[in-house]
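So you can see what is in the structure, the chains are spelled out below.
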Amino acid sequence: MTIEKPWSESHSHMRVIQKFFLISGIFLCFALIGLSGMGLYLYHHPDRIKPMIERSLSGAVGASCTMETFSFSLHPMVVEAGGISVKNRNEPKPASSIVIPFIRTEMAIEGPWGGRTLILKNMRITGIVVDGALPAILPVKKAPSFSARMVQGLVGLFFFRDIRFQSGEILDGHIVTTWGGQTIQAHHIHAKVGADEPLFVSFAMEVENSFRHLHVTAPSVTLVGNNTFDVNDVKFNGALKATDITLQDAELGIQRMDVQSTVAYNHAHKQVTAEKVDVRIHGLALMGKTDGRMPLIDLGLQAERISTRYPVIEITNGTLQIPRAGVPRGTPDIPIGDIRFAIPDGRMDMENRTLALPKVRFEAFGLKNLLLAVDLKVGSINLMLQGEKTALLQAAVAHHLLPSNLNFSAGDSFRIEVAGPEGGPWQVRANVSLTDLGFQNKDGSLVGEKISLATEAQGIVDLQHSRMTVVVDAKADAGEALYDRYYLNLAQNPLVVSCNGTYRFQQQFLQISRLRFDLTDILPFEIKGSLTPAMSIRDADLTVSIPRTPVKPIFHYLLQEPYKTEKPFLAAMETGGTVSAEWAVKKKENAWRVMGRLGWREGSLTMRDRGISMTGIQLDLPVWYQTGFPEAPVDRLKGACAVTSVVSPPLPEQPLKIVLDAGPNWISVDSPTVIRVPGGDLRLGAVQVKNLFSSDVSVHTRLAFDEINLGSLLSGFGAFPPDGAPEGHLTGILDPVRYEKHTVTSQGEMAVTVFGGKIVLSDLGASGILTSAPVLTFNAGWDDLLLTEMTTDTTFGKIEGVLRGHIRDFEIAYGQPQRFDLLLETVKKKGTPQTISIAAIDNITRIGGGQSPFMGFAGAVASVFDKFPYEKIGIRARLENDMFIINGTIREDGVEYIVKRRGFSGVDIVNQNPDNRINFKDMVKRIQRIAHKGGAVIQ
Amino acid sequence: MKKEQIRLWTAAVVVTLTLLACITINIYFPAEKVESAAEDIVNDIRGNKPPQEDRQSGSLQGILRKIDISFSPAMAWADEETTVSNPTIRSLREKMKTRFQALTPYYRKGALREGDNGFLSVADAGGLNLKEKRDLNGLVDAENGDRRTLYAEVAKALKIESNQVGRIAEIFAKEWKKPVR
């Protein structure tokens, strides 16, 4: 069944609908009329629209927005406004303001109904001033309100939906903002962009940070785009150029920096990419860590690409160069150029604070082929530096870490690893090896060949405490080295060095816990203490010690082998026992002091070829070297030397025991020492050695001879056979006895009672001690010597009488007389006959250069007599330059007599040649003939 | 005119004093004696036979030398019987003779250089190993030590002032520089 609605009911519905449309139409008409009217009103009264716009803008940017003037026209569509001010004083944003003194823009609407676009063109903003913190200035998008959305919908429906910026310019803009403590000011901002022309921006910029004393100026920054500018999709491709940038802060200064690059900015991706980056810095000053001593440095940075997409910066194919410069380090300067870094790729994350530079090749400080890997992560640092064939030694020479007078050649390689937390301390490991190391100085006195050296170091660097602790082990176990006379075969005697120490950077203080040098199988020694500063030692406080070590290799390598050519006696010398030492070494400014002891235990010293030996040596030698130290911890150092057996022919075997005292540069034996000699004792007085460590060393002592039996002494020295030596005694005191400048001098006399008379020796001395030409010197005078005792039973022939005379300036070199001036004269003495045997006459004549007077008839006559009386015998003989001059001292009537007869009997020996010169060799032959023939030649 | 005369007299006095000064220097340094001693000593050490007097006397050099001796102020020394020998010099000569045998191979290798100052130095030790260099350094030092003493002894023998030892060394240098056979 269907039920139909009654007609009247549907009709009434129709009428309601008609009424609704009618009312709506009327309302719409009124609204349109109202709007039109309002539009016409506003068109003719633009000042009434200004508050609306102010409110709209305030709502849009969330800040108070006012404008002083506003005007517009529809034909053409132009809007002008003046005195626009946007101020934000609401929390949480900091206060900020934007002032636009004047803005004018032309507009056009394009597009179909409902999708129209408002085009802004030829916009001109004059004198914009932006002031405030950067986050406050940047607009904040807010969710639009309902009414705003209604207005946006209506505007979009009737007027335009989008706004597109087509062209415009900013003239003389000024921005002052703060960001991260920096105050950034941009002046003279000029920006221009057009429909067919790229964006151009130029400005001058200043950055200030009063806390860091930072001041940066960039008077000329230009950005030139090469694409059209779309305000809705901001992309920029162009070139950046900034010149004459200056920077100054507490640690860094840049006199001038120029930057040039192509720049691409994509606002959607928030990415800035710089390509062909070229940064040139002139006059970079690093003051912070260098006390202003660093010179100004120029550097250049180039990169194929630097891409920044916050927070990541990536670099591709970057290079950094620092041309040559010199760092003053005193004299001379340290050259630090050329430094070149090649960075194939690198990545820095500013948010995560990471930096990765996996393969940086660089050359710096004269070093080549260096490879650096940097891996910085949050809170940790990992660095690795390695190199091979880096010219390490040449660089060390250039930086005066090694002597510049040495030429080096070596294959080198090293690897240094640094790891640890960001703020330290860092673990450091380093390996350095040198192969085929060769070095030589100019005069060839220091040479090394084919040396292999391996060094391993581990340490902890603590920059917070400005401290580095390090353990170093080094070994040189191949090659040879020569220093002056000291030769070392490192394959046989490797050099092993180990060191524990701490270095304090700020104080330049090196604390050596233990530095051990071990010249294997020769000499080990250890050093402990401190040095300040470590590089050019001003102050030092060290302890140097040698543990108990056999003396034989030390003697062999450091004394015997080096000096056996100059001192051949060293070659036959043998040593035994052990030595040890401990010295305290102090340096303050230019003053040095070395105090300590050298010990020799169970020692022996033997020269078999000479029969000399010392056994059972127990030496405790005090050592005190000092230059300019006013104070000393003690007055003197005590020591001792005891030798069980001293054998030094002709001295009898005897022990030796002395007490030693040492002071600054001197050593002494205060108590006298008795030395047994053949026939008695020789008393050596106190011995004082001064200037011990200089070439001006001097020795001061005295010698006392107390009734030494002459026969035993002379036979002991081999001058006479034991049963043929003259009897007598030697007594005397030489005081002082001095040794200075290779010369021994003495004062005092030694008296020898012999042959019934007395011989007095004086001015005993020696020159050329410790040289290749030692010479013994003395003067002697004699009196009352009985010629009978001297000549009886000698091959010379018997002479009776009393002899006096002297020998002056007597020099003996190499066991031979070198120089003398001899006077022999007989003197009459009551009761002593004066006769001379024929043999003696004959020998005197021969020595004088004449023939035997007893030849032929004279010989026959003389054979009747054994001896002749004489009045006087007088001989003067001089030796110089291997030439004897013999004269008689008796002159009568122009005749020079050597032997003057008594009365009419006897024989005169006359020197016919007053310039009677006899060569030394001839004289030796004559004496030898006399010594061997056994009697006079009487024919 | 007077001024002219004064100038002439002044010049004459200066020239005379200069000549006298020259003569004085020559008298007190017997160069001929030193040359002779140097030749004798070096030849002895090196085992060279001394040059024949006759051979030289006939040569132009010999004639010039004689003329030089005749006219030189050193004539005053010619009559003196001063020999250059004493035990020290003889001993040094023997030592140096022995050492010369050890030095000869190094001379032949060109490792040694005779200096103008009369002393020996290592010239080019490139062909030697370090041990040989060490030994050579020792030989050179020993040789120079002996030469130093020798020059001083020659000075004493010829009564030359010790401050003239350098000149003696320079004269010896001419002999040392002669090639080693």
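Caption draft 1: Structural detail: the overall build of chain A. Along its length, chain A carries 11 helices and 54 strands. When each of the 939 residues of chain A is scored for burial, the buried share is 39%. Sequence separation of at least 24 residues holds for 48% of the intrachain contacts in chain A that already meet a minimum separation of 6. About 52100 Å² of surface is accessible on chain A, with carbon and sulfur atoms providing 59% of the total.

Caption draft 2: A look at the overall build of chain B. Across its full length, chain B carries 8 helices and 2 strands. N-terminal to C-terminal, the α/β element order of chain B is α-α-α-α-α-α-β-β-α-α. For chain B, with 181 residues in total, the buried portion stands at 40%. Long-range pairs, those at least 24 residues apart, make up 69% of the contacts in chain B between residues at least 6 apart in sequence. Element-wise, carbon and sulfur atoms account for 57% of the exposed surface of chain B, whose accessible area totals about 10700 Å².

Caption draft 3: Just the pairing of strand β50 (residues 883-888) of chain A, in detail. Residues and elements named next belong to chain A. Within β50, 6 of the 6 residues are buried, which leaves the element mostly enclosed by the surrounding structure. By the alternation rule, side chains of β50 split into Met883, Ile885 and Asn887 and Phe884, Ile886 and Gly888, which are all buried. In this structure, the hairpin formed by strand β49 (residues 867-880) and β50 is closed by a connection of 2 residues, where asparagine 881 is found at a positive phi of approximately 55°. When β50 meets strand β54 (residues 917-919), the two strands line up antiparallel, connected through 3 bridges. Residue isoleucine 885 lies in a different strand from β54, and its bridge partner there is arginine 917.

Caption draft 4: Quick look at the interface of chain A and chain B. The interface of chain A with chain B comprises 26 residues on the first partner and 26 residues on the second. The junction of chain A with chain B conceals about 2400 Å² of combined surface from both sides, 51% of it contributed by carbon and sulfur atoms. At the boundary of chain A with chain B, the tally comes to 5 salt bridges. Of the charged contacts in the structure, one is a salt bridge between B:Arg134 and A:Glu561, with a shortest N-O distance of 2.9 Å. Run the count over chain A and chain B and you get 9 residue pairs in polar contact (both at pLDDT 80 or more). In the side of chain A that touches chain B, the residues fall into 12 nonpolar, 5 polar and 9 charged.

Caption draft 5: Representation of the confidence of the model for chain A in the model. Residues and elements named next belong to chain A. Looking at chain A, pLDDT values average 85 and 88% of them are 70 or higher. In the predicted structure, residues 1-5 sits below a pLDDT of 50 and forms 0 contacts with residues beyond four places in sequence or in another chain. Between residues 934-939, whose pLDDT stays under 50, and residues either more than four places distant or in other chains, the model counts 18 contacts.

Caption draft 6: Broad picture of helix α6 (residues 551-563) of chain A. Between its first and last C-alpha, α6(A) extends 17 Å over 13 residues, near the 18 Å set by a 1.5 Å rise per residue. When the local axis directions of α6(A) are compared, the greatest deviation, roughly 35°, occurs at A:Tyr557. Restricting attention to buried positions, one finds in α6(A) the residues A:Val551, A:Pro553, A:Ile554, A:Phe555, A:Gln560, A:Glu561 and A:Pro562. Along its buried surface, α6(A) packs onto β27 (486-489), β30 (523-532), β31 (539-550), β32 (573-588) and β33 (591-607) of chain A together with α7 (130-157) of chain B.

Caption draft 7: Layout of helix α6 (residues 87-109) of chain B. Residue and element names in this part refer to chain B. Here α6 is 23 residues long and its end C-alpha atoms lie 33 Å apart, about the 33 Å a rise of 1.5 Å per residue gives. You can read the cap of α6 off the contacts: a side-chain oxygen lies 3.0 Å from the backbone nitrogen of threonine 88, and it is on asparagine 86. The first or second residue beyond α6 is glycine 110, which carries a positive phi of 75°.

Caption draft 8: Here's a closer look at the pairing of strand β16 (residues 312-322) of chain A. Residues and elements named next belong to chain A. Looking at chain direction, strand β15 (residues 297-309) and β16 are connected through 9 bridges and run antiparallel. If you follow alanine 303 over to β16, its bridge partner there is glycine 318. Here β15 folds back onto β16 in antiparallel fashion, the turn holding 2 residues. In the sheet, β16 pairs with strand β19 (residues 339-349) via 10 bridges, with the strands oriented antiparallel. Bridge pairing in β19 links threonine 319 to alanine 342.

Caption draft 9: Fine view of the confidence of the model for chain B. Residue and element names in this part refer to chain B. Chain-level statistics for chain B give a pLDDT mean of 76 and a share of 65% at 70 or above. Counted against residues more than four places away or in other chains, residues 19-27, with its pLDDT under 50, gives 5 contacts. In this model, residues 53-82 is a region of pLDDT below 50 whose contacts with residues beyond four sequence positions or in other chains number 25 contacts. For this predicted complex, the interface score ipTM comes out at 0.72, alongside a pTM of 0.72.

Caption draft 10: Seen up close, the pattern of salt bridges. Following the criterion strictly, the structure yields 54 salt bridges over all chains and no others. We note a salt bridge from A:Glu825 to A:Arg804, for which the minimum N-O separation is 3.5 Å. In this pair, A:Glu825 is assigned in strand β47 (residues 816-827) and A:Arg804 in strand β46 (residues 802-813), connecting sequence segments 21 residues apart. Taking relative accessible area as the criterion, A:Arg804 reaches 38% and is therefore assigned partly exposed. Note that B:Lys97 and B:Glu94 form a salt bridge whose closest N and O atoms lie 3.5 Å from each other. One end of the pair, B:Lys97, and the other, B:Glu94, are both in helix α6, 3 residues apart, so they sit about a helical turn from each other. Overall, the relative accessible area of 25% leaves B:Lys97 in the partly exposed class.

Caption draft 11: Quick look at the packing of aromatic side chains. All told, the structure shown has 15 aromatic pairs over all chains when counted by the stated rule. With 5.6 Å between their ring centres and 90° between their planes, A:Tyr503 and A:Phe505 make a pair best called edge-to-face. Pairing A:Phe810 with A:Phe820 gives two aromatic rings, centres 5.7 Å apart and planes at 80°, and the pair type is edge-to-face. On the criterion of sequence distance, the pair formed by A:Phe810 in strand β46 and A:Phe820 in strand β47 is long-range, its members being 10 residues apart. The burial state of A:Phe810 is the same as that of A:Phe820; both residues are buried. Three or more aromatic residues joined by ring pairs form one cluster here, namely A:Phe778, A:Phe810, A:Phe820, A:Phe884 and A:Phe920. Here B:Arg147 stacks its cationic end above the ring of B:Trp176, 3.7 Å away from the centre of that ring.

Definitions and limits used
Residues numbered from 1 in each chain as written. Chains lettered and ligands numbered in written order. Predicted model: local features only at pLDDT ≥ 70, side-chain atom pairs only at ≥ 80, totals over all residues. Heavy atoms only, no water. Helix = DSSP H or I, 4+ residues; strand = E, 2+ residues; numbered from the N terminus. Buried < 20%, exposed > 50% of the residue type's maximum accessible area, 1.4 Å probe, protein only. Contact = heavy atoms within 4.5 Å. Areas by Shrake-Rupley, 256 points an atom, 1.4 Å probe, with all protein chains shown as cover. Pairing = 2+ DSSP bridges. Buried area = accessible area lost by both parts, 1.4 Å probe. Salt bridge = Lys/Arg side-chain N within 4 Å of Asp/Glu carboxyl O. Polar contact = N/O pair within 3.5 Å; in protein donor to acceptor, adjacent residues only side chain to side chain. Nonpolar A, V, L, I, M, F, W, Y, C, P; charged D, E, K, R; others polar. pLDDT = per-residue confidence, 0-100. Expected span 1.5 Å × (residues − 1). Bend = angle between axes of the 7 residues up to and from the residue. Phe/Tyr/Trp six-rings, centres within 6.5 Å; stacked < 30°, edge-to-face > 60°. Lys NZ or Arg CZ within 6 Å of the ring centre and 35° of its normal.

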